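Summary of the model geometry
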Amino acid sequence: MLIIGCDFHAGFQVLAILDNRKGAMTEKRLEHPLQAMAFYRELQQQGERVRVGMEAGPPCQWFRRLLAECGHELWVGDAARIRAAGVGKKKSEREDAKLILQRLLEERFPRIWVPTEEERDVRQLLLDRHHRVGAHRGIP
C-alpha cells in the first residue's frame, strides 16, 4: 500500500509518499490538474492500494472525485490539529506533506467526516426544496 501525505494548493500539490512494502519514502510535486490526474490514474492501472491524507479546507472537488474514480482512499483531516503537531518547525510544503504522512503512519491523523458526492447531492436537493417551499409561502 502507498500512504501519501498531500499538501494541497490551488495550482499544485506536494506529496510525501511511503511504500510500506518496500519501506521507501519519496517526494513529488504535481501540477494541477494534468500531472495529478496522470499520477493517480497510473497508480490505479498498476493496481496499487493508495491512502491519501490531506488537510480540510481547500476547494478540491475535482481531486476528491478523481480519487474516488480511481478507488483510492481519501482521508481529510482537521487542519488546525495537524498543524499543532508540527510546532516549532519551519512551514514549507514539503514539511507539511511529511507531517501529514507522519500523522497517518502514527495513526494519529485527526480525520473528519466528509460527505460523499451522493450525500452532497441529496443535501443540495433538500436545501433547494426548502428555499422553494419558503418562496411559495412568501417566506424569504
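Residues numbered from 1 in each chain as written. Predicted model: local features only at pLDDT ≥ 70, side-chain atom pairs only at ≥ 80, totals over all residues. Heavy atoms only, no water.

Some details on the packing of aromatic side chains
- Applying the stated criterion to the full structure yields 6 aromatic pairs.
- Their ring planes at 45 degrees and their centres at 6.2 Å tell us that F8 and W62 sit as a pair that is tilted. Taken as a pair, F8 in strand 1 (residues 2-8) and W62 in helix 2 (residues 61-70) lie far apart in primary sequence, 54 residues in all.
- With relative accessibility at 8%, the residue F8 sits in the buried group.
- Residue class for W62 comes out partly exposed when judged on its relative accessible area of 27%.
- Centroid distance F8 to F63: 5.2 Å. Interplanar angle 35 degrees. Geometry classified as tilted. Residue F8 is located in strand 1, and its partner F63 is located in helix 2; the two are separated by 55 residues in the primary sequence.
- Three or more aromatic residues joined by ring pairs form one cluster here, namely F8, F39, Y40, W62 and F63.
- Geometry around F12 places R29 over its ring, the cationic atom sitting 3.8 Å from the centre. (Phe/Tyr/Trp six-rings, centres within 6.5 Å; stacked < 30°, edge-to-face > 60°. Helix = DSSP H or I, 4+ residues; strand = E, 2+ residues; numbered from the N terminus. Buried < 20%, exposed > 50% of the residue type's maximum accessible area, 1.4 Å probe, protein only. Lys NZ or Arg CZ within 6 Å of the ring centre and 35° of its normal.)

Some words on the packing of helix 1 (residues 34-45) against helix 2
- Direction vectors running N to C along helix 1 and helix 2 enclose 15 degrees, while the axes themselves pass 9 Å from each other. Considering their axes alone, helix 1 and helix 2 lie roughly parallel with respect to each other. The element helix 1 and its partner helix 2 pack so that their crossing is right-handed. Across from A36, M37, Y40, R41 and Q44 in helix 1, the residues of helix 2 making contact are W62, F63, L66, L67, E69 and C70.
- Classifying every residue of the contact of helix 1 with helix 2 gives 8 nonpolar, 1 polar and 2 charged. (Axes fitted to C-alpha atoms, helices over the stretch in contact; angles between N-to-C directions. Parallel < 35°, antiparallel > 145°, perpendicular 65-115°, else oblique. Left-handed = near helix turned anticlockwise from the far one by under 90°. Contact = heavy atoms within 4.5 Å. Nonpolar A, V, L, I, M, F, W, Y, C, P; charged D, E, K, R; others polar.)

Re the environment of R41
- Here R41 is to be found in helix 1.
- Along the backbone, R41 and C6 are 35 residues apart, and their C-alpha atoms lie at a distance of 16 Å.
- Not counting chain neighbours up to four residues away, the residues in contact with R41 comprise L66, E69 and C70.

Focus on the pattern of salt bridges
- Counted under the stated rule, the structure contains 11 salt bridges.
- Residue R29 pairs with E31 through a salt bridge whose shortest N-O separation is 3.1 Å.
- The exposure class of R29 is partly exposed, given its relative accessible area of 47%.
- Put simply, R41 and E69 hold a salt bridge, and the shortest N to O gap is 3.5 Å. Of this pair, R41 sits in helix 1 while E69 sits in helix 2, placing them 28 residues apart in sequence.
- The exposure class assigned to E69 is exposed, which follows from its relative accessible area of 54%.
- Each of E27, R94, E95 and K98 takes part in salt bridges that share partners, so that together they form one network. (Salt bridge = Lys/Arg side-chain N within 4 Å of Asp/Glu carboxyl O.)

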